[in-house]
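As a plain string of letters, each chain reads:
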Amino acid sequence: EKNGDAEKKTPHNDIRVLDCACGIGTQVLALLTANQEQTRASYVVHGADLSQGAIAEAARRVSASAKSESSEKMFDVCAFKDLGTLFAGKEGKKVCFDVVIAFDNALPHLLSNKDMRDSLLGMISVLRRDGRGHVMFSMRDYDAILDTREREQSKQPITFEGPRRMGTEEGKDARIVFQQWSWFQLDPNSGEALGAHPKTTAAQADDVSTARHWAYCLDMFVLRKEHRGGTPGSSQANDVSPARVPSKTSSQSQRWSTTHQRTMYRAWRRADLTALLKEVGLVDICWYVDGEFYQPVVIARLPSTHHA
């Protein structure tokens, strides 16, 4: 991954990285793999996330990968704004990281300016204070989505016949995934909805373009082919009860179960997030939006003059 900006300013061999939105450990595993491949930097990685289930799965995946001797002390359940409190007493002293990351569109879960500001302050509270501490975030290209005036209403279904899902037995897991996005105007100070999003037809495009702040409710539906012997269990707390949908093949009937998850995102424009990054004291803010990454990435530095 592109992390040269952070590496150039951290001359010591070990780079301490906190993935504060680690989920099931995707980035943590990638950094541990980089250690094994003997890249120019050696990463000491810690993961945090608000989801207890995701943290448990991340620890399991790291242990199963044999990329770390122990995952017991590698993960914590924590909100962004509480990171300073979490790491204040670890190892008998305040723990400081070289880099704090939050990838895969994690920050847009924060709907209000205050929530974003408090979360950023929590992140920089655990950065090193000598001018070499960095944050790195990735999120969807909401500028492009909003500027097209054609906000997505749904995603095309995607079919998987791949690895098992979280909490199930080893084996194939046939599933079909699709999303529905319901847009609404947002009060950026309170994070509350101001009104429903109109249908984005060409005739209405000019009307919706006048709004400055947008958010959307994302409903995700997952259809899974049932294994013989019953419906595979769900590890998500907010899954609805499975709805069995019989389907016919040429010689036999099959059963599918449907689960539903809902979350909300704010469509943060880069200028709005950049303003808050500056407000909390970060400098050297640089966006990478040239398609080099799967999502736009922003890197910023905490100057040595900053005081928590």
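None of these values were measured; they are calculated from a predicted model.

(A) Molecular detail of the packing of aromatic side chains. This model, assessed by the stated rule, comprises eight aromatic pairs. Both rings, one in W181 and one in W183, keep their centres 6.2 Å apart while their planes meet at 55°; by these two values the pair is tilted. Neither W181 nor W183 differs from the other in exposure class; each is buried. Taking 6.2 Å as the distance between ring centres and 80° as the angle between the ring planes, the aromatic pair formed by Y288 and F293 counts as edge-to-face. Through a chain of ring-to-ring contacts, the aromatic side chains of Y142, W181, W183, Y216 and Y265 assemble into a single cluster. Over the aromatic face of Y265 sits the side chain of R140, whose NZ or CZ is 5.4 Å from the ring centroid. The residue whose ring lies beneath R266 is W268, and the NZ or CZ to ring-centre distance is 3.6 Å.

(B) Structural view of the sheet that holds strand β12 (residues 283-288). Sheet architecture is open: seven strands sit in the order β3-β2-β1-β4-β5-β13-β12, paired in mixed fashion. What marks the edges here is a single partner per strand, and that holds for β3 (75-77) and β12. Averaged over all adjacent pairs, the angle separating strand axes in this sheet is 20°, with direction ignored. Direction of pairing for strand β5 (residues 133-138) relative to strand β13 (residues 297-302): antiparallel, over a ladder of six bridges.

(C) Region of interest: the packing of helix α5 (residues 113-124) against helix α8 (residues 270-279). The N-to-C vectors of α5 and α8 enclose an angle of 45°; their axes lie 10 Å apart at closest approach. Taken as axis vectors, α5 and α8 run oblique relative to one another. In the crossing of α5 with α8, the sense of the turn from one axis to the other is right-handed. Between α5 and α8, the contacting residues are N113, M116, R117 and L120 on the first element and L273, L276, L277 and E279 on the second. Its residues assigned to classes, the contact of α5 with α8 shows five nonpolar, one polar and two charged.

(D) How the structure looks around the pattern of salt bridges. On inspection of all chains with the given rule, the structure shows 14 salt bridges. Between D98 and R128 there is a salt bridge, with the nearest N and O atoms lying 2.4 Å from each other. A residue pair is termed long-range when its members are at least 10 positions apart, and D98 in the loop between α4 (83-88) and β4 (99-102) and R128 in the loop between α5 and β5 qualify at 30 residues. Shared partners join several salt bridges into a network, and the residues in it are D141, D143, D147, R269 and R270.

(E) Fine view of helix α3 (residues 52-65). Over its 14 residues, α3 runs 20 Å from end to end, which matches the ideal 20 Å to within 8%, given 1.5 Å per residue. Here α3 has its buried residues at A54, I55, E57, A58, A59 and V62. Looking at the buried residues of α3, the elements they touch are α2 (26-36), β2 (42-49) and β3. A positive phi of about 60° marks A66, the residue just after α3.

(F) Spotlight on the pairing of strand β1 (residues 14-19). In terms of strand pairing, β1 meets β2 through six bridges, oriented parallel. Residue pairing across strands places R16 opposite V44, the latter belonging to β2. Relative to β4, β1 is paired through three bridges, and the arrangement is parallel. Each residue of the ladder has a partner; that of V17, found in β4, is V99.

(G) Up close: the packing of α2 against α3. Interhelical geometry of α2 versus α3 gives an angle of 25° and a closest axis separation of 10 Å. In this view, α2 runs roughly parallel relative to α3, as classed from their interaxial angle. The way α2 lies across α3 gives a crossing that is right-handed. On α3, the residues that touch T26, V28, L29 and L32 of α2 are R61, V62 and S65. For the contact of α2 with α3, the per-class residue count stands at four nonpolar, two polar and one charged.

Parameters at a glance
- Residues numbered from 1 in each chain as written.
- Predicted model: local features only at pLDDT ≥ 70, side-chain atom pairs only at ≥ 80, totals over all residues.
- Heavy atoms only, no water.
- Phe/Tyr/Trp six-rings, centres within 6.5 Å; stacked < 30°, edge-to-face > 60°.
- Buried < 20%, exposed > 50% of the residue type's maximum accessible area, 1.4 Å probe, protein only.
- Lys NZ or Arg CZ within 6 Å of the ring centre and 35° of its normal.
- Pairing = 2+ DSSP bridges.
- Helix = DSSP H or I, 4+ residues; strand = E, 2+ residues; numbered from the N terminus.
- Axes fitted to C-alpha atoms, helices over the stretch in contact; angles between N-to-C directions.
- Parallel < 35°, antiparallel > 145°, perpendicular 65-115°, else oblique.
- Left-handed = near helix turned anticlockwise from the far one by under 90°.
- Contact = heavy atoms within 4.5 Å.
- Nonpolar A, V, L, I, M, F, W, Y, C, P; charged D, E, K, R; others polar.
- Salt bridge = Lys/Arg side-chain N within 4 Å of Asp/Glu carboxyl O.
- Expected span 1.5 Å × (residues − 1).

It is worth stressing that arrangement in space is one thing and function is another; only the former is reported here.
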